[in-house]
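Here are the chains, one letter per residue:
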Amino acid sequence: MNLILDIKSLSKSYNNRKNIVVKNVNLSVEKGKILVIVGESGSGKTTLIRLITGLTSQDEGIIILNNKIVTSDSIFIRPEKRNIGMVFQDYALFPHLTVYKNIAYGITSSVNKVKTVKEVLKLVGLEGYENRFPHQLSGGQQQRVSLARAIAPKPQLLILDEPFSNLDHNLRIQLREEVFDIIKKSNVTSIFVTHDTEDATAVADKIVVLKDGEIVQQGTTESFYKKPKNVYVASLFSSIVKLTNYDLEYFGYHIGTLDKTYAITFNNFEINKDCDYSTNLIILKSKHFRDIFLNTALLPNNKHLNFYSDINLSEKEVNLGFNKESLLVFNKDLKV
């Protein structure tokens, strides 16, 4: 396995170690792969990126970049010596420089500068835009220039920090596919930082979820949908309904233990179909939600259930159920 980044037992705190923002993080990124770090505000993802780039020093742990230790108790390589490219959410382009000069800014070799700029312009689909200024470009084009500038010096590692947060929904969908293609074609190892799980699943080879400075779960996209570690992870990647033992009894599902938490995703309920467990319910409301309907029903104990359907079910009585393999089961003592 050719690891470009290998992090071992990394921790960082402030205020005399009273405020721990990164705690015992272990993760790695293989050459040419895209790692996505997902976390809400305050999860520690920004601090983790600052530790990787060298903008912040660690309390404990080791960072190995392309088989070279760049951070440890006795070693600290300065940020400019780590050869890490950055793409920021606000693009950070120089407004007074042309596209060509923005891209060429970080290229140290004058011999290959013209050739390199030409190559990355072609890669990002901006040939012919060399002499334009940032204000003459669309948001998507500015993002591609920012990406080209980061790729041009041939970094060991590329970090994209919330690159789509300033874009509207349609443009972000289009651009993230373009960015994914560009990164894969350039074969640059990348870390993508986001709070948006939709962005994460669209581009990731591997996903890491951070909460309170700790890695809650890491793995493939499929694992986060099929085997979330706890309720917190499940709710990040899917819309879920948490169910108590009492709730499940209405469906004919009887449980002898009280040390578990149960949940079902909105799209895993079955409507008027043969399934393992079911009950008849009246639909209180059915609202159009994108290309499906979001329904609300009420259990006899006044517990609201939300689920998706292909048609409007307002005020209809349906047989609502689920299969045993669709029920998510978590230990109650896990941190959520």
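Everything below is about the structure shown above.
What comes next concerns the included structure. (Residues numbered from 1 in each chain as written. Predicted model: local features only at pLDDT ≥ 70, side-chain atom pairs only at ≥ 80, totals over all residues. Heavy atoms only, no water.)

## Considerations on the overall build of the protein
Operational definition: Elements are defined by DSSP. Helices are runs of H or I of four residues or more, strands are runs of E of two residues or more, and each kind is numbered from the N terminus. Think of it in three bands: with a 1.4 Å probe and only protein chains considered, a residue is buried below 20% of the maximum accessible area for its type, exposed above 50%, and partly exposed in between. Here the open area of atoms and residues is found with the Shrake-Rupley method and a 1.4 Å probe, where only the protein chains shown may cover a residue. We score Asp and Glu as negative and Lys and Arg as positive, and we do not count His or the chain ends. Charged groups are reduced to one reference atom each: NZ for lysine, CZ for arginine, CG for aspartic acid, CD for glutamic acid.
When helices and strands are counted, the protein shows nine helices and 18 strands. With respect to the principal axes defined by its C-alpha atoms, the protein has extents near 75 × 50 × 35 Å. Evaluated residue by residue, the protein yields a buried proportion of 48% over its 336 residues. Element-wise, carbon and sulfur atoms account for 47% of the exposed surface of the protein, whose accessible area totals about 17,200 Å². One way to put it: in the protein the 42 positive side-chain charges average out to a point 8 Å from where the 36 negative ones average out.

## A word on the sheet that holds strand 12 (residues 260–265)
Rule in force here: Any two strands between which DSSP finds at least two bridges are classified as paired. Axis lines are fitted through C-alpha atoms, for helices just across the contact stretch, and the angle between N-to-C directions can take any value from 0 to 180 degrees.
Spatially, 11-12-18 is the arrangement adopted by the three strands of the open sheet, whose pairing is antiparallel. Only two strands of the sheet have a single neighbouring strand rather than two, namely strand 11 (240–243) and strand 18 (328–331). Ignoring which end each strand starts from, the neighbouring axes of this sheet average 30 degrees apart. Sheet topology note: the strand 11/strand 12 ladder contains four bridges and is antiparallel. Pairing of Ile240 across the sheet is with Thr265, part of strand 12.

## Digging into the pattern of salt bridges
Put simply, the test is: We define a salt bridge as a contact between a side-chain nitrogen of Lys or Arg and a carboxyl oxygen of Asp or Glu at a distance within 4 Å.
In the structure shown here, the tally under the stated rule is 12 salt bridges. Here Arg144 ties to Glu178 by a salt bridge, and the two come within 3.5 Å at their closest N and O atoms. Remark: Glu178 occurs in helix 5 (residues 169–186) and Arg144 occurs in helix 4 (residues 139–151); sequence separation between them is 34 residues. For Arg144, a relative accessible area of 16% puts it in the buried group. Between Lys273 and Glu270 there is a salt bridge; the shortest N-O distance is 3.9 Å. The exposure class of Glu270 is partly exposed, given its relative accessible area of 22%.

## Observations concerning the nonpolar core
This is how it is decided: Put simply, buried Ala, Val, Leu, Ile, Met, Phe, Trp, Tyr and Cys residues joined by side-chain atoms within 4.5 Å make one nonpolar core. In what follows, residue pairs with any heavy atoms lying within 4.5 Å of each other are defined as contacts.
Formed by 43 residues in total, the largest nonpolar core has its most connected members in Val36, Ile103, Leu147, Leu158, Leu160, Ile207 and Val209. Among the elements that make up this core, the one with the highest residue count is helix 4 (five residues). Among all residues touching Leu147, those that are not within four sequence positions of it are Val87, Leu158, Leu160, Val179 and Ile182. Ile7, Leu48, Ile49 and Ile52 belong to the second-largest nonpolar core, a separate cluster that totals 24 residues.

## A look at the pairing of strand 3 (residues 34–38)
For strand 3, the tally of buried residues reaches five of five residues, placing the bulk of the element in the interior. Residues of strand 3 alternate between two faces, with Ile34, Val36 and Val38 on one and Leu35 and Ile37 on the opposite face, all of them buried. Bridging between strand 3 and strand 8 (residues 190–194) involves five bridges; their strand directions are parallel. When the sheet's bridge partners are listed, Ile37 is paired in strand 8 with Val193. As paired elements, strand 3 and strand 9 (residues 206–211) share four bridges and run parallel to each other. Note that in strand 9 the partner of Leu35 across the bridge is Lys206.

## Structural notes on the pairing of strand 18
Burial along strand 18 is one-sided: the residues Leu328 and Phe330 are buried and none of Val329 and Asn331 is. Bridging between strand 12 and strand 18 involves four bridges; their strand directions are antiparallel. Paired with Lys260 across the strands is Asn331, a residue of strand 18.

## A closer look at the environment of Glu162
Where we set the bar: A 3.5 Å cut-off defines polar contacts: any pair of N or O atoms within that distance qualifies, except that in protein one atom must be a possible hydrogen donor and the other a possible acceptor, and neighbouring residues in sequence count only when both atoms are side-chain atoms.
Counting through the fold element by element, Glu162 comes out in the loop between strand 7 (157–161) and helix 5. Other than its neighbours up to four places away in sequence, Glu162 contacts Lys45, Gln89, Val193, Thr194 and His195. Within polar-contact distance, the side chain of Glu162 engages the side chain of His195 at 3.1 Å.

## Digging into unusual backbone geometry
With the exception of glycine, most residues fall at negative phi, and the peptide bonds are largely trans. Even without a glycine there, the phi angle at Asn67 is positive, about 70 degrees. With respect to the secondary-structure elements, Asn67 resides in the loop between strand 4 (60–65) and strand 5 (68–71). By relative accessible area, Asn67 is classed as exposed at 65%. Of note in the backbone geometry, Glu315 takes a positive phi value of approximately 65 degrees without being a glycine. Considering the arrangement of structural elements, one finds Glu315 in the loop between strand 16 (304–309) and strand 17 (317–322).

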